[in-house]
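# Notes for the structure review
Below are the chains, spelled out letter by letter.
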Amino acid sequence: MSATQNLRPGQEAEPWLEPGHTYASVTDKISSVVLTRPLGIGWLAGFALTFSIVMVLFLAVAYLVVKGVGIWGINIPIGWGFAIVNFVWWIGIGHAGTLISAILYLLNQKWRTSINRFAEAMTLFAVACAGLFPLIHTGRPWMAYYMFPYPSTMGIWPQFRSPLIWDVFAVSTYGTVSLMFWFVGLLPDLATLRDRAKTKWQQMIFGALSMGWRGSARHWHRYQSAYLLLAGLATPLVLSVHTVVSFDFAVGIVPGWHTTIFPPYFVAGAIYSGFAMVLTLAIPMRAAYNMQDFITMRHLEQMAKVMLATGLIVAYGYFVEFFMAFYSGNKFDVFLANQRLHGPYAPFYYALILCNILTPQLLWFKKVRRNIPLLFVISLIINTGMWLERFVIVVISLTRDFMPSAWGRYSATVWDYATFVGTLGLFTMLIFLFVRGLPAIAISEMRELVHQESHGDGGHE
Amino acid sequence: MSEKRSQLFGVMGEFSTPEDLVAATKKVRETGYKHVEAYTPFPVEGLSEAVGFKWTAVPLLTLIGGIGGGLTGFGLQYWVAAITYPMNIGGRPLNSWPAFIPVTFELTVLGASIFAVVSMLALNKLPQPYHPVFNVDRFAQASTDKFFLCIEARDPKFNLTEASKLLQSLRAEHVNEVKDEE
């Protein structure tokens, strides 16, 4: 994936930005969505719908606080259930945002410019949804501060050798760094909105948020230095976060979890589902706000290619899981592998293979990658598949461990579904608020792109 | 604010392209002005060198933040696990350092990131709601599509007429006085 395509002689590279744009036109187009565009019926209807789903989430959490985790389908031996499935799924979705904003920045990929801002927003909102699940899974969320090291009067401290404590540090660091990265990226754009504000309120809000950014040469110099450093720091961070999440499983001795393939295959799966979610969001957004000039066909195709590549890594992970189970000769691992294919949850496993391995093979074809409705459907299928993957990992291993006397069954209750659907509503509602409240595309970076494209400059400064 | 109470902060020229701005900045510096600042809607290559700004402490402070975060992370875990709350589990070592690496790593990244952001803001003296350059009406374009160069009045060589003439000779499209209200 280099910034320049492999071109035949005489063939022109497709631009990352439709020609004819100036500094002012990109600024106008992106900032007008926030500043001047009236609220349409579509936005209001979408917001109302997602807002009402958030009310369902509040209801489900309130009932949970009153009654305890017994309202969920969890039991002994399946203590994790939906809460952990959803936690891992959401945190994985967040990873594409950091990948786009940090790793593609370090690799000088110009195509990140028009998608990084809302991918980062997606990361933040996904991490917020993810963080909710372990919190409420404790059953007493008001006691969650026990997980942090603080000098308590009881004289007890967290167990730092436990992956669950690593998780607390990894996820809270990830949330904090993502927020700072996002805010630093927003700073020049907030100044643009301040200068173009049409009402007193806009001027005050964006004036306060932009902190008096002036865009002086000294400002930009320190800004670029800090941004590059943050990108360099976020890159290993994003890899570490899903590695630590996979340790929650891999450090345990439960069959099907205790394997060394987990960290890399979890990270690949996270990026896979994250890119699927970026496409799920980008395709309707570019249509609703006429952003086809900025989020071009070439962008969508590039993201489809990343999905295909990470999907193949995930397929390799599934293969290695099976291979290692049989190669090890460990009878519990062999039994678990057979349970995936023939056990009570086998339909979930086959659905997972269909969604995550077979469907993305369509992306080998350029016609499919350039068919927007089909791409949208594939992205939804992959999101579903990645959710199924976590379900298969959590539920099949826990229901079929060493002793038949410890076997069990799991089925989710209406409250499990209400909580999960509720977080989907929360995520979508935040996205709705974000696209109208803040510039969904990085304006200053788009101006830089206009400058580069008009000077035929191949790389990033 | 009455006119009498306002002071002259400098003189500002407006340009349409980053290339004109960089060329003009170099010329102004060659003429001998020291206190010069340029304002652009996106980072322009070579501009900070042109205004005479080469070194920033941001990377060094980030390194310090990272080292501090890492030491804090490991120190905290060592102190908890080996000193204040030791647990003998089958005689395993209390200082089980490989198990402390994930948290040490996360706190290294956290410390470095916080230092990078806070030092960038602090060295840029942000938040700073008021600055004299905002008094120029056309300066609102500095965050859209115009490029500005300000020769500041505190420069020993500063003379309003000469500085304005210099900017005009460098193809500045508008030249404005920048007033500081005090």
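Note that the structure is predicted; figures quoted are calculated from it, not measured.

Parameters and conventions
- Residues numbered from 1 in each chain as written.
- Chains lettered and ligands numbered in written order.
- Predicted model: local features only at pLDDT ≥ 70, side-chain atom pairs only at ≥ 80, totals over all residues.
- Helix = DSSP H or I, 4+ residues; strand = E, 2+ residues; numbered from the N terminus.
- Rg over C-alpha atoms; globule rule 2.2 N^0.38 Å.
- Buried ≥ 20, exposed ≤ 12 C-beta atoms within 10 Å, placed from the backbone.
- Contact = placed C-beta atoms within 7 Å.
- Domains from an automatic or database assignment.
- Nonpolar A, V, L, I, M, F, W, Y, C, P; charged D, E, K, R; others polar.
- Core = buried A, V, L, I, M, F, W, Y, C linked by C-beta atoms within 7 Å.
- Pairing = 2+ DSSP bridges.
- Expected span 1.5 Å × (residues − 1).
- Bend = angle between axes of the 7 residues up to and from the residue.
- Axes fitted to C-alpha atoms, helices over the stretch in contact; angles between N-to-C directions.
- Parallel < 35°, antiparallel > 145°, perpendicular 65-115°, else oblique.
- Left-handed = near helix turned anticlockwise from the far one by under 90°.

### Here's the deal with the overall build of chain B
Scanning chain B from terminus to terminus reveals 5 helices and 4 strands. Traced from its N-terminal end to its C-terminal end, chain B shows the element sequence β-α-β-α-α-α-β-α-β. Rg of the C-alpha trace for chain B: 25 Å, well past the compact-globule value of 16 Å for 182 residues, more than 25% over. Seen through its principal axes, chain B has C-alpha atoms that stretch 85 × 35 × 30 Å. Counting over 182 residues, chain B shows a buried share of 43%. Partitioning the intrachain contacts of chain B with sequence separation of at least 6 by distance along the chain shows that 81% fall at a separation of at least 24.

### Regarding the overall build of chain A
The helix and strand inventory of chain A stands at 15 helices and 0 strands. Here chain A has a C-alpha radius of gyration of 23 Å; the compact-globule value for 461 residues is 23 Å, and the two agree. Viewed in the frame of its principal axes, chain A has a C-alpha envelope of about 70 × 60 × 40 Å. A total of 461 residues make up chain A; the buried ones form 47% of that total. Considering only contacts within chain A whose residues lie at least 6 apart along the sequence, 81% involve residues at least 24 apart.

### Side note on the domain arrangement of chain B
Entries for chain B in the domain assignment read domain 1 (3-55 + 131-181) and domain 2 (58-123). For domain 1 of chain B versus domain 2 of chain B, the distance between C-alpha centres works out to 45 Å.

### Observations concerning the interface of chain A and chain B
The interface of chain A with chain B comprises 48 residues on the first partner and 51 residues on the second. For the side of chain A that touches chain B, the secondary structure elements donating two or more residues are helix H1 (23-35), helix H5 (163-196), helix H7 (217-250) and helix H15 (443-454) of chain A. For the side of chain A that touches chain B, the residue count by class is 24 nonpolar, 16 polar and 8 charged.

### Things to note about the nonpolar core
One finds Phe275(A), Val278(A) and Leu149(B) to be the most contacted residues of the largest nonpolar core, which totals 182 residues. In terms of domain composition, this core takes at least three residues from each of domain 1 (3-55 + 131-181) and domain 2 (58-123) of chain B.

### With respect to the pairing of strand S3 (residues 147-152) of chain B
All names here are of chain B. Burial of S3 is extensive: 6 of the 6 residues sit out of reach of the surface. Here S3 shows two buried faces, one formed by Phe147, Leu149 and Ile151 and the other by Phe148, Cys150 and Glu152. Of the strand pairs in this sheet, strand S2 (residues 36-39) and S3 are connected by 4 bridges, and their pairing is antiparallel. Residue pairing across strands places Val36 opposite Ile151, the latter belonging to S3.

### Notes on helix H3 (residues 81-106) of chain A
Residues and elements named next belong to chain A. Between its first and last C-alpha atoms H3 spans 38 Å; for 26 residues at 1.5 Å apiece the expected length is 38 Å, and the two agree. In the structure, H3 departs most strongly from a straight axis at Leu99, where the bend amounts to approximately 35°. After H3 finishes, the residue Asn108 shows a positive phi value of roughly 55°.

### Considering the packing of H3(A) against helix H4 (residues 116-137) of chain A
Two packed helices can be described by the angle between their axes and the distance between those axes. Residue and element names in this part refer to chain A. Between H3 and H4, the least distance of the axes is 7 Å, while the angle of their chain directions is 160°. With respect to H4, the element H3 is oriented roughly antiparallel. Here the hand of the crossing between H3 and H4 comes out left-handed. The residue inventory of the contact of H3 with H4, partitioned by class, reads 16 nonpolar, 8 polar and 1 charged.

### Overview of the environment of Val320(A)
Position of Val320(A) relative to the elements: it lies in helix H9 (residues 297-328). Separated by 167 residues in the primary sequence, Val320(A) and Thr153(A) have C-alpha atoms spaced 48 Å apart.

### Brief notes about the packing of helix H8 (residues 262-288) of chain A against H9(A)
All names here are of chain A. Across the interface, H8 lies against H9 with an axial gap of 8 Å and an inter-helix angle of 150°. Of the possible angle classes, the one that applies to H8 and H9 is roughly antiparallel. Two packed elements cross with a definite hand, and for H8 against H9 that hand is left-handed. Packed against H8, whose contacting residues are Tyr265, Ala268, Gly269, Ile271, Tyr272, Phe275, Ala276, Val278 and Leu279, the element H9 presents Leu300, Met303, Val306, Met307, Thr310, Gly311, Ile313, Val314 and Gly317 at the interface. Its residues assigned to classes, the contact of H8 with H9 shows 14 nonpolar, 4 polar and no charged.

### A few points about H8(A)
One turn of the α-helix equals 3.6 residues, which is why residues spaced by three or four share an orientation. Across its 27 residues, H8(A) extends 39 Å between first and last C-alpha, which sits within 8% of the 39 Å expected from 1.5 Å per residue. Directly after H8(A), the chain includes Asn290(A), whose backbone phi takes a positive value near 50°.

### Quick notes on the sheet that holds strand S4 (residues 174-181) of chain B
Residue and element names in this part refer to chain B. The antiparallel open sheet is built from 4 strands, whose spatial order is S2-S3-S1-S4. Edge strands, defined here as strands with exactly one partner in the open sheet, are S2 and S4. Here the strands of the sheet are splayed against their neighbours by 25° on average, with no regard to which way each runs. Across the sheet, helix H5 (residues 160-169) lies against strand S1 (6-15), S3 and S4, angled at about 10° from S1, the strand it touches most.

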